[in-house]
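# Coordinate inspection notes
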Amino acid sequence: MAPGSWLLALWALAALVLPSSGEEGDGGWYAFVRPVILQGLTDNSRFRALCSRDRLLASFGDRVVRLSTANTYSYRKGEPPHPGPACLPTPRRLQQPVLTRPFPAVDLPFQEYVEQLLHPQDPTSLGNDTLYFFGDNNFTEWSSLFRHYSPPPFGLPGTAPAYSFGIAGAGSGVPFHWHGPGYSEVIYGRKRWFLYPPEKTPEFHPNKTTLAWLRDTYPALPPSARPLECTIQAGEVLYFPDRWWHATLNLDTSVFISTFLG
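First, a word on what this report is: a plain description of the structure on this page.

Next up on the list: the environment of H205. By secondary structure assignment, the location of H205 is in the loop between β7 (190-196) and α6 (210-216). Here H205 falls in the buried class, since its relative accessible area comes to 11%. Distance from H205 to T217, taken between C-alpha atoms, is 9.7 Å for residues 12 residues apart in sequence.

A word on the packing of aromatic side chains. Enumeration over the complete set of coordinates arrives at 26 aromatic pairs. Considering the side-chain rings of F176 and F204, the 5.7 Å spacing of their centres and the 55° angle between planes classify their relative orientation as tilted. With F176 in the loop between β5 (162-168) and β6 (182-188) and F204 in the loop between β7 and α6, this pair connects stretches of sequence that are 28 residues apart. Clustering of aromatic rings is evident, with ring pairs tying together F47, F60, F110, Y113, F133, W142, F146, Y149, Y163 and F165. A cation over a ring is seen here: K191 above F256, with NZ or CZ 3.6 Å from the ring centre. A cation over a ring is seen here: R226 above Y218, with NZ or CZ 4.3 Å from the ring centre.

Turning to the pairing of strand β4 (residues 131-134), a few remarks are in order. Examined bridge by bridge, strand β2 (residues 64-69) and β4 share two bridges and lie antiparallel to one another. Among the inter-strand pairings, T69 is bridged to a residue of β4, identified as L131. In this structure, β4 lies alongside β5, joined through two bridges in antiparallel fashion. Following the sheet pairing, F134 is matched in β5 by G166.

So, on to helix α3 (residues 53-60). Turning to α3, its buried residues number three or more, namely L56, L57 and F60. Projected down its long axis, α3 shows its buried positions confined to an angular sector of 100°, all on one face. What points out from α3, more than 90 degrees from its buried face, is the exposed set D54 and A58. On its buried face, α3 is in contact with α2 (45-50), α4 (110-117), α5 (143-146) and β5.

What counts as what
Residues numbered from 1 in each chain as written. Predicted model: local features only at pLDDT ≥ 70, side-chain atom pairs only at ≥ 80, totals over all residues. Heavy atoms only, no water. Helix = DSSP H or I, 4+ residues; strand = E, 2+ residues; numbered from the N terminus. Buried < 20%, exposed > 50% of the residue type's maximum accessible area, 1.4 Å probe, protein only. Phe/Tyr/Trp six-rings, centres within 6.5 Å; stacked < 30°, edge-to-face > 60°. Lys NZ or Arg CZ within 6 Å of the ring centre and 35° of its normal. Pairing = 2+ DSSP bridges. Arc of directions from axis to C-beta. Contact = heavy atoms within 4.5 Å.

What follows is the structure, given as structure tokens:
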């Protein structure tokens, strides 16, 4: 990595280890700076080799995995998706009611997911009809893979990183949502990101896919309402700050891993 890139990365991540600049006693630590793309911080070539299609099927093909629905509430499996005070406010200009029916968990062998469901996104499908492998990994069964991954060497004091591993087809992704800070690394493929700061709620429907949002909503946005955008290539890492809105779109069949910082 060029020296200038190192300086940018260190400046952007300084908030992870510096006290808050707000009122005294307001909570201690923060990570609210802008997103930044990181390159060359770790060598995950071994992990990448283990994530090839053939190696993953040979090692984990018979393991049962849990699939998410590709909507804003995909992390609430089997529960009625509703925005709560610590989760998500109602999206701006929402033209349809927030979904109320539960999203049942979907468990199936990993090989069945790869061979039958890992295909390009149907642009007409709704988010809760689109199954997506990301996040619900059994870390005991998958530990032989995860122990070879090296996350970026920055963290939040007093917290331990948590991994979420995913594999998804071209055109898939998760619509706008927010959570705590972390990193997302692409192992294979490319992932497009759309980001807004916490104070700028995007215009979207929680049960429309990112692909549908890009087709139907994005073209009509005035320049002032457009998100920050970037494409993360294989081997690159995106740092996403705390509570920043973001939506993702896999441009290819992609393998990726996120490190959440608490």
